[in-house]
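# Summary of structural features
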Amino acid sequence: MTGSIRSRLLIGQAMTILILVLSCTASLGVAGSVRAGFAGVVRHDDALIANVTLRAKLLDDEETGLRGYLLVRQPLFLQPYRAALARLPAARSASLRLARGDPGEIRLLNALSRGAGRWERWARSMLAAPPARATPARLEAQMLTGKRLFDAYRRASDAILQRLFAHRVATLTAANSTVRTMTILLAALFFLAVLGALVAGLWTLRSLQRPLMRLAWLADRIAEGDLTAGAHVDPIREFGSLVSAMERMRREIRGQRNLSTMLAACLRPDDVYRTFTEALRQHVHADRLSVSKVGPGPHEMTSVFVAGDGTEGLPEGTTTSLAGSIASRAYQTGRPVLRADLAALPPADLFDDERKALAAGIRSLAIIPLMVHGRVLATLNLGSRQAAGYSEQALGPILTLAPMVASAIENAQLYESLSDAKRQLESQRDLEYGRARRDALTNLGNRLRLEEDLSVLHARAQRYGHTYSLVLCDVDYFKAYNDHYGHPAGDTVLATVAETLTTSVRRGDAVYRYGGEEFLILLPEQEEEEAYAAAERLRAAVQARLLPHEARPDLDIVTISAGVATLHGASLPEIRDVIAEADAALYHAKAAGRNLVVAGAGAGLRVLKTRERARTSTA
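Position numbers for residues count from 1 along each chain, tracking the sequence in the order it is written. Only residues with pLDDT of at least 70 get local features here, since the model is predicted, and only at 80 or more are side-chain atom pairs given and counted; chain-wide, interface and lining totals rely on the full set of residues. Side-chain numbers here rest on the full set of heavy atoms in the structure, without hydrogens or water.

Confidence scores labelled pLDDT are given residue by residue by the predictor and lie between 0 and 100. Overall, the prediction assigns the protein a mean pLDDT of 76, with 73% of residues at 70 or greater. Every residue pair with non-hydrogen atoms within 4.5 Å of one another is taken to be in contact. In this model, residues 233–240 is a region of pLDDT below 50 whose contacts with residues beyond four sequence positions or in other chains number 14 contacts. pLDDT under 50 marks residues 602–619. Its contacts with residues more than four places away, or in other chains, come to 43 contacts.

As structure tokens, this is what we get:
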């Protein structure tokens, strides 16, 4: 295999150099073609320059001969004119062919032709005029006209020649610069490519020969489950062995990735056990599979998951002594424990759980510790009805997956602990939330709860234009009651009054302890008449309890006074204004003799009548 690799690398190196040479040759050919193209442009420019120069010379001959003829009237001077006139059409046709469709050149050539045409029309008109009619003054004027036309032609000729000379110079400059740059770049590229190919070939031969053989051996060992294979190996393997080993590794890694994804979605240890069991059956046969953990005591083990045949020997939930379990060895050493044939061992050498497994038909066992951070969380127990059902080589894939499963178990246990702690915190939070908003003595909502509920009710009334009322109650002569009976008795009376008010309101109304001996009742969607009737019903309910109050100067029972305030959606005072209105009504009720209900009137509220109920005796 070594010779084959070396020969292939040498062939590849030679081919690389050959390709580089051919590429450079082709590049040089491209450079030559580019240069030839520039040369063709220059030749075209030279030909067009020569053509325009010829046309200018011919027209000069025409102008010179015609001017001599017009001045001396000798036919001999017309010979150059006629000779040039005969050659000009061919020169003009050549100009159009050489223009190659260039818009700028065609435009200048057309201007040149138009200038020549105007002068030639003037010349023909001068030749057609009789000599006798040409007076000196008229002849001079006509000659000036001809000179202007000929000067215009010469300017057009100079313009196109200037353009052609500039284009020729630019072409030559670009050609020289391009060819020089391409030559330098191609030479540098060729040198670097050859040098790089040689260096890469030598380095490849030395760096890949032995590591490639070592990689084949390591791949084969890893495919068999041995993850501790040494690095210094010399055997020569077939390339097909390397490919097969890599393919097995690919399948295993893909399986591990899928298993990792499924385990990450497991939130309970039982889910981890079931998911791992399904993946495990693809790698090893197990008639009986279980997972054991230490607990509930420090020297006990409990079977937390059981699957397969023979579960009657050690069903799920079975607790055994750690000293009487074969899994204790895995806990102590952190290494797998194999039992090839339980039936071949003396009974005295068997652990308690092994005896039960043997009684259930299990012949061979494999105990695999599931460890995280050097700590054994649990043991995976495999059982087979066949002797020698497991070997270290066969358990290789399972040992690879064991740390992943142990981490998943730990995460699931941590999730359960966090979930329990979260539920406890939420329960405690709800309890504390309720306590913070409830009066401990009367079990009614306190001022904080009142402010929250009243804010919601007031906002709803503002938004939808609804009506609500509130009643502020006060226990009459409560200080005298405390002084006479004592504060514990006063607390009892407050609790009794609170219970009476709570049981006397309709569903949807709410009673709060406002402070001291004061209570506030919210009455949603109740007009003043309904609110007054409700307050009167509450007053009568407290009076009907006949709670003794010997310290009163008038009656000898506990009573309450109440003030009523009603808010209409059409008028929207602040919450404090509504409570102040009810407090003012309560003040009037107490001033009027107590044991009364008074409905108040004030800014932003409808004016209600003040009603007084005649004091009644409780005799």
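Before going further, it helps to examine a nonpolar patch on the surface. Two distance rules govern patches: like charges are joined within 9 Å, and nonpolar side chains (Val, Leu, Ile, Met, Phe, Trp, Tyr) within 5 Å, applied only to residues with over 30% relative accessible area and no salt bridge. Only the protein chains shown count as cover for residues, with accessible areas throughout obtained via the Shrake-Rupley method and a probe of 1.4 Å. Any Lys or Arg side-chain nitrogen found within 4 Å of a carboxyl oxygen on Asp or Glu counts as a salt bridge. Where nonpolar side chains cluster on the molecular surface, the patch consists of L71, V72, L76 and F77 and spans about 390 Å² of accessible area. Looking at the element boundaries, L76 is found in the loop between α1 (2–72) and α2 (78–98). The buried label applies to any residue whose accessible area, calculated with a 1.4 Å probe on protein chains only, is under 20% of its type's maximum; exposed applies above 50%, and partly exposed to all values in between. We classify L76 as exposed; its relative accessible area is 59%. Each helix is a run of DSSP H or I of at least 4 residues and each strand a run of E of at least 2, with the numbering of both proceeding from the N terminus.

Okay, the sheet that holds strand β8 (residues 510–515) next. Either a parallel or an antiparallel arrangement is found when strands of a sheet pair, and the pairing is made through backbone hydrogen bonds. Taken together, five strands build an open sheet; the order of strands is β8-β9-β7-β10-β11 and the sheet is mixed. Two strands lie at the open edges of the sheet, namely β8 and β11 (597–599), each paired on one side alone. Neighbouring strand axes in the sheet, compared pairwise and without regard to direction, differ in orientation by 20 degrees on average. Only strands that DSSP links by at least two bridges are regarded as paired with each other. Bridging between β8 and strand β9 (residues 518–524) involves five bridges; their strand directions are antiparallel. Across the sheet, the residue bridging to Y512 is L520, located in β9. Working convention: axes come from line fits to C-alpha atoms, limited for helices to the stretch in contact. Angles between N-to-C directions cover 0 to 180 degrees. Its contacts with the sheet put helix α13 (residues 528–544) on β7 (468–475), β9, β10 (560–567) and β11, and the angle it makes with β10 is roughly 165 degrees.

All right, on to the packing of helix α12 (residues 487–504) against α13 then. At a minimum axis distance of 9 Å, the contact between α12 and α13 shows a crossing angle of 135 degrees. In terms of their interaxial angle, α12 and α13 are classed as oblique. Relative to α13, α12 is oriented so that their crossing is right-handed. Seen from α12, the contacting residues are V497, T500, L501 and S504; seen from α13, they are R537, L538, A541 and V542. When residues are sorted by character, Ala, Val, Leu, Ile, Met, Phe, Trp, Tyr, Cys and Pro go into the nonpolar class, Asp, Glu, Lys and Arg into the charged class, and all the rest, Gly among them, into the polar class. Taken together, the residues that form the contact of α12 with α13 break down as five nonpolar, two polar and one charged. Oblique is the label for any angle not under 35 degrees, not over 145, and not in the 65 to 115 range, which are roughly parallel, roughly antiparallel and roughly perpendicular in turn. The crossing is said to be left-handed when, going from far helix to near helix, the turn is anticlockwise and less than a right angle, and right-handed when the turn is clockwise.

Strand order in the open sheet made by the six strands is β3-β2-β1-β6-β5-β4, with antiparallel pairing throughout. For this open sheet the edge positions go to β3 (319–321) and β4 (337–339), each flanked by a neighbour on one side alone. For this sheet, the mean angle separating the axes of adjacent strands, direction not counted, is 25 degrees. Here strand β1 (residues 288–294) runs beside strand β2 (residues 300–308); their pairing, made up of seven bridges, is antiparallel. Bridging from a neighbouring strand, S292 pairs with S303 of β2.

The next thing to look at is the pairing of β10. When you tally the buried positions in β10, you get eight out of eight residues, the bulk of the element. Neither face of β10 is open: one carries I560, A562, V564 and T566, the other S561, G563, A565 and L567, and all of them are buried. Direction of pairing for β7 relative to β10: antiparallel, over a ladder of eight bridges. Paired with S469 across the strands is T566, a residue of β10. Pairing between β10 and β11: three bridges, direction parallel. Its bridge partner lying in β11, V564 is registered against A599.

The next thing to look at is the packing of helix α11 (residues 478–485) against α12. Between α11 and α12, the least distance of the axes is 7 Å, while the angle of their chain directions is 135 degrees. Relative to α12, the element α11 is oriented oblique. Contact residues: F478, Y481, N482 and Y485 in α11; H487, A489, G490, V493 and L494 in α12. In terms of residue class, the contact of α11 with α12 is made up of six nonpolar, three polar and no charged.

In terms of residue burial, β7 counts as a mostly covered element, since eight of its eight residues are buried. With burial as the criterion, each face of β7 is covered, one bearing Y468, L470, L472 and D474 and the other bearing S469, V471, C473 and V475.

The next subject is a positive patch on the surface. Together, R114, R118, R121 and R124 make up a region of like positive charge exposed at the surface. Within the element layout of this structure, R124 appears in helix α3 (residues 103–128). Within this scheme the basic residues Lys and Arg register as positive and the acidic residues Asp and Glu register as negative, but His and the chain ends are omitted. Where a charge lies is defined by one atom per residue type: Lys uses NZ, Arg uses CZ, Asp uses CG and Glu uses CD.

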